[in-house]
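A closer look at the structure
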Amino acid sequence: DSVQIPDDRDFGAFRAQCESERGWSLTYSKGGVGVWVQLLEPERALHKIKCRMECRDVPAETLYDVLHDIEYRKKWDTNVIETFDIGRLTANSDVGYYAWRCPKPLKNRDVVTLRSWLPMGSDYIIMNYSVKHPKYPPRKDMVRAVSIQTGYLIEGTGAKSCTITYLAQVDPKGSLPKWVVNKSSQFLAPKAMKKMYKACLKYPEWKQRHDPHFKPWLFPEQSRLPALALSELSLQHADSLENIDESSLAESKEDRGEGSDEDS
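A quick note: this is a predicted structure, and the numbers were derived from the prediction, not measured.

Thresholds applied
- Residues numbered from 1 in each chain as written.
- Predicted model: local features only at pLDDT ≥ 70, side-chain atom pairs only at ≥ 80, totals over all residues.
- Heavy atoms only, no water.
- 1 Å grid on protein atoms, 1.4 Å probe; cavity = no way out; pocket = protein on both sides within 12 Å on 5 of 7 lines; lining within 4 Å.
- Points joined across faces, edges and corners; volume = space filled by probe spheres on them.
- Helix = DSSP H or I, 4+ residues; strand = E, 2+ residues; numbered from the N terminus.
- Nonpolar A, V, L, I, M, F, W, Y, C, P; charged D, E, K, R; others polar.
- Phe/Tyr/Trp six-rings, centres within 6.5 Å; stacked < 30°, edge-to-face > 60°.
- Buried < 20%, exposed > 50% of the residue type's maximum accessible area, 1.4 Å probe, protein only.
- Polar contact = N/O pair within 3.5 Å; in protein donor to acceptor, adjacent residues only side chain to side chain.
- Contact = heavy atoms within 4.5 Å.
- Expected span 1.5 Å × (residues − 1).
- Arc of directions from axis to C-beta.
- pLDDT = per-residue confidence, 0-100.

A few words on the layout of surface pockets. Approximately 410 Å³ is the volume found for the second largest pocket. Every residue lining the second largest pocket is counted, 23 residues in all, and those nearest its centre are Ile70, Asp85, Phe214, Pro216 and Trp217. Listing elements by their share of the lining of the second largest pocket, those giving two or more residues are α3 (70–76), β4 (80–90), β5 (93–100), β6 (109–120) and α4 (178–209). The element best represented in the lining of the second largest pocket is β4, accounting for 3 residues. Taken together, the residues of the lining of the second largest pocket break down into 9 nonpolar, 5 polar and 9 charged.

Spelled out as C-alpha cells, the structure:
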C-alpha cells in the first residue's frame, strides 16, 4: 500500500490504455477532437474519460513544455484556482497541488498528486495519481478529489505536429448528477483541449519573455523544489475522504449557456 514511483511497465500500461479502443464509447467527434467514455459505476457517475486531439502547427516538445510549465498554466487555464509544486522526488517525478472550478452549483475540487514523466524520442508521457501529504490535508472550502490515474500521451507526428491523448480516471468524491458526466465529455473536455491547443501556439513567444532557459522538466539540475522522501507520502484512498451527495443538483441557468465549443 506504499507510494511507488511509476516504472517502465506503468508507463507502458498507460500508453496501452490511451491507444486501446476496447470498452470505450465514442461520445464526441468534431474538429479533430474525439472523446470516449467508459462508465465504471453508473450509479456513482464514476467513469474514465479519454480525449484525443490532433495538433497541427504544434511540435510535440512544445506541448510537453506547456503541460509542465506551471507559471504558464496560471495564464491559460481558466479553471485553475490555485496550483503549485510541493517537492521533488526524483529527476522525473514530483508532488504538486491543483485546485479547480467545477460547473455551478457543484463545489470546487482539489487534488494532491504524485506526477511522473517520461520522454521517449518524439513521444512523451506525463501521468499522476493522488497521494496524501501531511502539510496539505483536505480544505474546508474544497472537496478533495482522487486521481486514480490521470495523464497525457503526446505523440509526435511530424516536425511541427503531434497528437495528444488525455486519459483520466478521477473519483470526484460524492454522487454527481448525470448531467456533469455528460457535460464533461460533450463540452468541457473538448473545450479544454482547444484552449490548450491555443495556449501551445502562443507559448514560444510567451516563454521568450519569461525565463526562457528555465525548464526543470528537461534540465533537473535547474529544479528549485525541496527534495521530498517517498516516506513522507501515503496513498490517498477515496473511501477515507468525506462523501458528499450532489446528485440532485440541477445545472445553474447562467452556467448552461456558456458559449459554444467554438468560442475563443
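Taken as a whole and assessed by the stated rule, the structure comprises 8 aromatic pairs. A centroid spacing of 4.8 Å and a plane angle of 45 degrees characterise the contact between Tyr72 and Trp206, whose relative ring orientation is tilted. In this pair, Tyr72 is assigned in helix α3 and Trp206 in helix α4, connecting sequence segments 134 residues apart. Aromatic pair Tyr203 and Trp206: ring centres 6.1 Å apart, planes at 25 degrees, arrangement stacked. With Tyr203 and Trp206 both in helix α4 and 3 residues apart, the pair spans about one turn of that helix. For Trp206, a relative accessible area of 8% corresponds to the buried category. Connected via pairs of aromatic rings, a cluster forms that spans Tyr72, Tyr203 and Trp206.

Another aspect to go through is the side chain of Thr83. With respect to the helices and strands, the residue Thr83 is situated in strand β4. Accessibility expressed as a relative area gives 10% for Thr83, which makes it buried. A polar contact of 3.0 Å, which involves the side chain of Thr83, links it to the backbone oxygen of Tyr97. When neighbours within four sequence positions are excluded, Thr83 is seen to be in contact with Ile70, Lys74, Tyr97 and Tyr98.

Mapping Leu106 onto the fold places it in the loop between β5 and β6. Here the alpha-carbon distance between Leu106 and Val143, two residues 37 residues apart in the chain, equals 9.7 Å.

Let us look at unusual backbone geometry. Phi is positive for Asp57, which is not a glycine, with a value near 70 degrees. Within the secondary structure, Asp57 is located in the loop between β3 (46–56) and α2 (60–68). Take Asp57: its relative accessible area is 56%, and that puts it in the exposed class.

Across its 12 residues, helix α1 (residues 8–19) extends 17 Å between first and last C-alpha, which sits within 8% of the 16 Å expected from 1.5 Å per residue. Along α1, the positions that sit buried rather than exposed are Phe11, Phe14, Arg15 and Cys18. Buried residues of α1 fall within an arc of 100 degrees about the axis and therefore sit on the same side.

In terms of residue burial, α2 counts as a mostly covered element, since 8 of its 9 residues are buried. Of all the positions in α2, only Ala60, Thr62, Leu63, Tyr64, Asp65, Val66, Leu67 and His68 are classed as buried.

Turning next to the side chain of Thr113. With respect to the helices, strands and loops of the structure, Thr113 is situated in strand β6. Thr113 gets classed as buried once you look at its relative accessible area, which sits at 12%. Excluding residues within four positions of it along the chain, Thr113 makes contact with Asp94, Val95, Gly96, Asn128, Tyr129, Ser130, Val131 and Ser147.

Where the model shows low pLDDT, its predicted coordinates should not be examined in detail. The predicted model of the protein chain averages 87 in pLDDT, with 84% of residues at 70 or higher. Confidence over residues 256–264 falls short of pLDDT 50; this stretch has 17 contacts with residues more than four positions distant or in other chains.

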